[in-house]
Amino acid sequence: MKWRVVAVAVAAIALTSCTVGPKYQTPAVPTPPAYKEAPPASFQGGKGWTLAHPDDSLMRGKWWELFGDPQLNALEDQVDAANQTLKVAAANYQQARANVRYNRSALYPTIGTSPSISNERLSSNRPYALGNYETTGDFVLPIDMNYEVDLWGRIRRAIEAAKQQAQASAADLETVKLSLHAELAIDYYEARSADEQKRILDDTLVAYTKALDLTRNRFLGGIAAKAEVAQAQTQLDTTQAQDIDVAVARAQYEHAIAVLIGKPPESFALAPMPLIEDQTLPVIPIGVPSLLLQRRPDIAMAERQMAAANEEIGIARAAFFPQLMLSATGGLEGSNISNWFNWPSRFWAVGPTMLETIFDAGRRRAESESAQAGYDATVANYRQATLSAFEQVEDNLSALRILEQEAAKQHEATLAAEDSVQLSTNRYKGGLVTYLEVITAQSIALSNQRTEADLIRRRMEASVLLIKALGGGWDRSKLPT
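Residues numbered from 1 in each chain as written. Predicted model: local features only at pLDDT ≥ 70, side-chain atom pairs only at ≥ 80, totals over all residues. Heavy atoms only, no water.

## As for the overall build of the protein
No. 1: Scanning the protein for helices and strands turns up 10 helices and 5 strands.
No. 2: In terms of overall size, the protein is more extended than a compact globule, its C-alpha atoms giving a radius of gyration of 38 Å where 481 residues would be expected to give roughly 23 Å.
No. 3: With the principal axes as the frame, the protein shows a C-alpha extent of 140 × 55 × 45 Å.
No. 4: Across the 481 residues of the protein, 41% fall into the buried class.
No. 5: Within the structure as shown, the protein displays about 25700 Å² of accessible surface, and the carbon and sulfur contribution to it stands at 58%.
No. 6: Counting 47 positive and 56 negative side-chain charges, the protein places the averaged centre of each group 6 Å from the other. (Helix = DSSP H or I, 4+ residues; strand = E, 2+ residues; numbered from the N terminus. Rg over C-alpha atoms; globule rule 2.2 N^0.38 Å. Buried < 20%, exposed > 50% of the residue type's maximum accessible area, 1.4 Å probe, protein only. Areas by Shrake-Rupley, 256 points an atom, 1.4 Å probe, with all protein chains shown as cover. Lys, Arg positive; Asp, Glu negative; His and termini not counted. Charge placed at Lys NZ, Arg CZ, Asp CG, Glu CD.)

This is how it looks when you write it as structure tokens:
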């Protein structure tokens, strides 16, 4: 009967318990109706990219497949299984999930036992011993139970905080994954750009070698001065040095790719493949700014951390209220093994305990103020994350727009520089100009060719960074529940 009364009392208390602390609401952030750099709805797209519908499915899953590069696809598919940084983030997420289970266990009583057997001889010379001694045995099998009644929601808030931290950890895992895939794509296009630079320099060296031979022949024929031969030789040697120097950056990007896919650099080789002028840019669905808040995993992480910090305020405030503990113990105790498990050997005790701190020199108030300050910091982090996200999208939209215009003009400049080389060479062969004019035209042409190749790289990387800024096809519905 007594046990039933206690159980009913505890159930009644649990049902009438309340939760102290603020109710969480996501703070508002300034969100523009459209991107400043987004093209108008009538925009039909530049060379390689267009404004797609916000819910376009092109970026779902493996966004790198938008680039249509089988070699890039093969490398990207190795990141998730082998990258060590990603494994760290995955382990952190598993740890956060375990923390949820740890906090949830506080909803249930803790039951334990500590059986013991002892034999004790009492001294014959102890006070009031009557000159004899006693040997006694103590056989104990206790069962102890402790349970905290969650009167003020401290346990429930701790569970919610752990859940939200686990969701934040899951979003962090997606952020790391997105960053690593984007970094691999950028390193890949950097390596291919280096291959293109080397191709240009190799072709240029062939032309410069022929020009040097021409100048030497003219010198031997008494038409050209020896200084012109020296100029042609200097130009060839300088270009050869540039050709060799490209290999430094190319090797570093190859090594970086090896580490990203979990391989030692010495066991990985990336086959040379220069970027081509008509490299296809992907179609990127940019949507509207309000969707960005749902598609960026780093924003989701900041928001979940903010929700967890709000729960910490409630936990700190619950410390101002009494703590109700329900304890019970029972079991069997006998003087020897023969009577240990007899019914008369039973014992039990049960009852509630109320704990309340009367004086702590302001410790609880300080913890409450600390929790409030921590929440304010997460709010600022959340708002800063959204502003940074909008900035990154705008930056890369403007980069794609401006680089497209620059690439068109640069192509015209490259063609004009190549024509200038041909004209200068013909004039030199006719004896109308010195070799200095040929060298100048060749240097200008080489510079324009390399700039045009670099613009291709910059446009590819801007596309990668725009996809990353838009969340890479991720959305908030993928957070674990």
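## Here's the deal with helix H9 (residues 363-429)
No. 1: If you check H9, its first and last C-alpha atoms are 91 Å apart, about what 67 residues at 1.5 Å a residue would give, namely 99 Å.
No. 2: Positive backbone phi, approximately 75°, marks Gly 431, located one or two places after H9. (Expected span 1.5 Å × (residues − 1).)

## So, the packing of aromatic side chains
No. 1: Tallying each qualifying case throughout the model produces 7 aromatic pairs.
No. 2: When the centroid spacing of 5.3 Å and the interplanar angle of 75° are considered together, the rings of Tyr 188 and Tyr 189 count as edge-to-face. Taken as a pair, Tyr 188 and Tyr 189 share a single burial class, namely buried.
No. 3: Consider the rings of Tyr 428 and Tyr 435, whose centres lie 5.1 Å apart with planes at 65°: the pair is edge-to-face.
No. 4: Tyr 428 gets classed as buried once you look at its relative accessible area, which sits at 1%.
No. 5: Three or more aromatic residues joined by ring pairs make a cluster, and in this case those are Phe 67, Tyr 188 and Tyr 189.
No. 6: We note Arg 218 situated over the ring of Tyr 428; from NZ or CZ to the ring centre the distance is 4.4 Å. (Phe/Tyr/Trp six-rings, centres within 6.5 Å; stacked < 30°, edge-to-face > 60°. Lys NZ or Arg CZ within 6 Å of the ring centre and 35° of its normal.)

## Examining the packing of helix H5 (residues 154-220) against helix H6 (residues 226-260)
No. 1: At a minimum axis distance of 8 Å, the contact between H5 and H6 shows a crossing angle of 165°. By the criterion of interaxial angle, the relationship of H5 to H6 is roughly antiparallel. Crossing of H5 over H6 shows left-handed handedness.
No. 2: Tallied by class, the residues present in the contact of H5 with H6 amount to 18 nonpolar, 9 polar and 11 charged. (Axes fitted to C-alpha atoms, helices over the stretch in contact; angles between N-to-C directions. Parallel < 35°, antiparallel > 145°, perpendicular 65-115°, else oblique. Left-handed = near helix turned anticlockwise from the far one by under 90°. Nonpolar A, V, L, I, M, F, W, Y, C, P; charged D, E, K, R; others polar.)

## Here's the deal with unusual backbone geometry
No. 1: Although it is not a glycine, Ala 361 adopts a positive phi angle of roughly 60°.
No. 2: Positionally, Ala 361 belongs in the loop between strand S5 (346-355) and H9.

## A look at the side chain of Ser 193
No. 1: Within the secondary structure, Ser 193 is located in helix H5.
No. 2: Those residues within four positions of Ser 193 in sequence are excluded, and the remaining contacts are Leu 275, Ala 453 and Arg 457. (Contact = heavy atoms within 4.5 Å.)

## Some details on H6
No. 1: Taking 1.5 Å per residue as the helical rise, H6 with its 35 residues ought to reach 51 Å, and the 53 Å between its terminal C-alpha atoms agrees with that figure.
No. 2: One or two positions beyond H6, positive phi appears at Gly 262, with a value near 75°.

## Some details on the packing of helix H8 (residues 297-318) against H9
No. 1: Interaxial distance between H8 and H9 falls to 8 Å at its minimum, and their mutual angle equals 165°. Relative to H9, the element H8 is oriented roughly antiparallel. The handedness of the crossing between H8 and H9 comes out as left-handed.
No. 2: Taken together, the residues of the contact of H8 with H9 break down into 12 nonpolar, 8 polar and 4 charged.

## Comments concerning the pattern of salt bridges
Two side chains that carry opposite charge are able to pair once their charged atoms sit near each other.
No. 1: Applying the stated rule across the entire model yields 23 salt bridges.
No. 2: As a salt-bridge pair, Glu 311 and Arg 157 come within 2.8 Å of each other at their nearest N and O atoms. With Glu 311 in helix H8 and Arg 157 in helix H5, this pair connects stretches of sequence that are 154 residues apart.
No. 3: For Glu 311, a relative accessible area of 9% puts it in the buried group. (Salt bridge = Lys/Arg side-chain N within 4 Å of Asp/Glu carboxyl O.)

## Concerning the environment of Glu 394
No. 1: Structurally, Glu 394 is set in helix H9.
No. 2: Linking Glu 394 and Ala 469, residues 75 residues apart in sequence, is a C-alpha distance of 9.2 Å.
No. 3: Sequence-distant contacts of Glu 394, defined by excluding residues within four places in its chain, comprise Tyr 35, Lys 36 and Glu 37.

## A short note on the confidence of the model for the protein
No. 1: Taken over all residues, the pLDDT of the protein has a mean of 90, while the share at 70 or more is 90%.
No. 2: No element of the protein has a lower mean pLDDT than helix H1 (residues 2-16), at 50, and none a higher one than helix H4 (residues 84-104), at 97.
No. 3: This stretch, residues 41-49, has a pLDDT under 50; its non-local contacts, to residues over four places away or in other chains, come to 18 contacts.
No. 4: Across residues 52-57 the pLDDT falls below 50, and counting only partners more than four positions away or on other chains, this stretch makes 10 contacts in the model. (pLDDT = per-residue confidence, 0-100.)

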